[in-house]
Amino acid sequence: MLKKISLIGISILLLMPTAQAVILYDGDDSGNLTTPSSGAPFDSVARVCNNGGGNTAGSAVHIRGKYMLTANHVQLRTHITFDGITYLERDTSFNPIRIGTTDMKLIKLVQSPGLPATELFSDNSGDTSVTTTLIGWGVGRDTGVNDSGAGSTNIWQWGNTGTLKKRWGTNTIAASGSGEVTTGTNYDYLITYLDRNAGINEAAATLYDSGSGLYLEQNGFWKLVGLTTAITSINGPTEQEPTNPYNSTFGIFNSRDRNFFVRISSYASAIEAAIPDTGTYAGWKTDHSLYGADADNTADTDNDGISQLHEFAFGGDPNVNNISILPTHRLVEDNGSTYLEITLTRPKNLQGVTYMPQTTADLSNWPSDSTGIADNDPTPIDNGDGIETLAYRRSQAVAEMNQAYLRVEISETP
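Chemist: Honestly, the sheet that holds strand β7 (residues 88–89) in this entry has me stumped. Any pointers?
Modeler: Sheets are built from strands that pair by backbone hydrogen bonding, the pairs being arranged parallel or antiparallel. Within the open sheet, the seven strands sit side by side as β7-β6-β3-β4-β5-β9-β8. Their pairing is antiparallel. Every other strand in the sheet has two partners, leaving β7 and β8 (97–98) as the edge strands with one partner each. As defined by bridge partners, strand β3 (residues 45–49) adjoins strand β6 (residues 79–81) across three bridges and the pair is classed as antiparallel. Within β6, the residue paired with Cys49 across the bridge is His79.

This is the structure in structure tokens:
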């Protein structure tokens, strides 16, 4: 009989141990440390730690841009690392967003790791009885302890932090379910069994694997199908024998451990909704870590003379000094006449901001509307890279005026 369910984060509970890195059935701690030949997204899984790598708490999965998922029970640290060399700072001002009552939360980095977006698996009719790849960052087996299995089982004892590595393995999703997995959680989950007959790459989640990713290939694309959260163990510590070592038991039928994962297909839309929409002004400010006074429309965190509202409107980065985003003026020829025109670029589909072109002949009397503009709502030119161009032209030709000026007034839409 299964003796316990355990969380696989940093704190060990008598009835729920936390998980370490992937242990493989063949017990080889040096195996599967690089991207598998299948192309499963090895680079997308990170370790939750402090700057420099100390104080590991668990794993995390990159979703898109600066946003990542980890298990809700993982105690957050100041940084994450994808390679054990570069450490990316977590945005500690961003309040982690728990996804419903699951053991899963969204966290944010200060800078994007520059990785491709991870597609979320959304077909809940196709995520069982399929072979998946588990990628996690934690400890391997204890190299000083031999296989203690006998008969139909093989038992690998968990190692110490000296075996901490990012590793991948495979496993078949055996079943799905819904309910209270651990105290204070209730969610749809997937289960894998540790099958001794499944080959040398059969994977078991262990300590610091909480928040690691279970991936499934569908139509040539690797998708996140599960987030690692808990294990059941038949040979680890019990309330009666709390000093027993934690281990992974590969067996058959009832003589094997199980791993639990949040079922991503049930929460894909909720995860997407939790990620700030950078097409909105509010989402853009959150994405750029603008809080408090730094989020004011007139603030200028990069000291380039461009306010936050204008940075948003012109597709700038409020943390990078760059005046090249500002609109430009030019003279254009049309039907034998010359006109003054102002051109701006912006990200497509921005929301929460309006553009009002204005023109004057003396700089002292700007109108309150777009009087004198040939077309105050021109069709944007799609540049093909997510950016579009707008051009506003004075209705009077240059030859009809001694002087003239153009500007675009930016305002926040209520």
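Chemist: Can you walk me through the confidence of the model for the chain in this structure?
Modeler: Low-confidence regions, as indicated by low pLDDT, have predicted coordinates that should not be scrutinised in detail. Mean pLDDT for the chain: 92, with 95% of residues reaching 70 or above. Below pLDDT 50 for its whole length, residues 9–20 participates in 67 contacts with residues either more than four positions away or in separate chains.

Chemist: Please explain the side chain of Thr70 as it appears in this structure.
Modeler: With respect to the helices, strands and loops of the structure, Thr70 is situated in strand β5 (residues 67–70). On the basis of relative accessibility, which here comes to 0%, the residue Thr70 falls in the buried class. Engagement of the side chain of Thr70 in a polar contact is seen with the backbone oxygen of Ser59, the distance being 2.6 Å. Each residue touching Thr70, except ones within four places of it in the same chain, is listed here: Val48, Ser59, Ala60, Leu76, Asp103, Met104, Lys105, Ile107, Ser210, Gly211 and Leu227.

Chemist: Which parts of the structure should I look at to understand the packing of aromatic side chains?
Modeler: The description of an aromatic ring pair uses the distance of the two centres, along with the angle that the planes make with each other. Here the structure, examined in full by the defined rule, presents seven aromatic pairs. Note on Tyr67 and Phe94: the rings are 6.0 Å apart at their centroids and 65 degrees apart in plane angle, and the pair reads as edge-to-face. Of this pair, Tyr67 sits in strand β5 while Phe94 sits in the loop between β7 and β8, and the two are 27 residues apart along the sequence. Both residues of the pair, Tyr67 and Phe94, belong to the buried class. Considering the side-chain rings of Tyr281 and Phe312, the 5.1 Å spacing of their centres and the 35 degrees angle between planes classify their relative orientation as tilted. One end of the pair, Tyr281, is in helix α2 (residues 281–287); the other, Phe312, is in helix α3 (residues 308–313), and 31 residues separate them in sequence. Under the relative-accessibility criterion, Tyr281 is labelled buried at 3%. Joined through ring pairs, the aromatic side chains of Tyr281, Trp284 and Phe312 make up one cluster. Above the face of the Tyr193 ring, Arg256 is positioned so that its terminal group lies 4.4 Å from the ring centre. Seen from the ring of Tyr355, Arg346 lies directly overhead, with NZ or CZ sitting 4.6 Å from the centre.

Reading guide: rules and limits
Residues numbered from 1 in each chain as written. Predicted model: local features only at pLDDT ≥ 70, side-chain atom pairs only at ≥ 80, totals over all residues. Heavy atoms only, no water. Pairing = 2+ DSSP bridges. Helix = DSSP H or I, 4+ residues; strand = E, 2+ residues; numbered from the N terminus. pLDDT = per-residue confidence, 0-100. Contact = heavy atoms within 4.5 Å. Buried < 20%, exposed > 50% of the residue type's maximum accessible area, 1.4 Å probe, protein only. Polar contact = N/O pair within 3.5 Å; in protein donor to acceptor, adjacent residues only side chain to side chain. Phe/Tyr/Trp six-rings, centres within 6.5 Å; stacked < 30°, edge-to-face > 60°. Lys NZ or Arg CZ within 6 Å of the ring centre and 35° of its normal.

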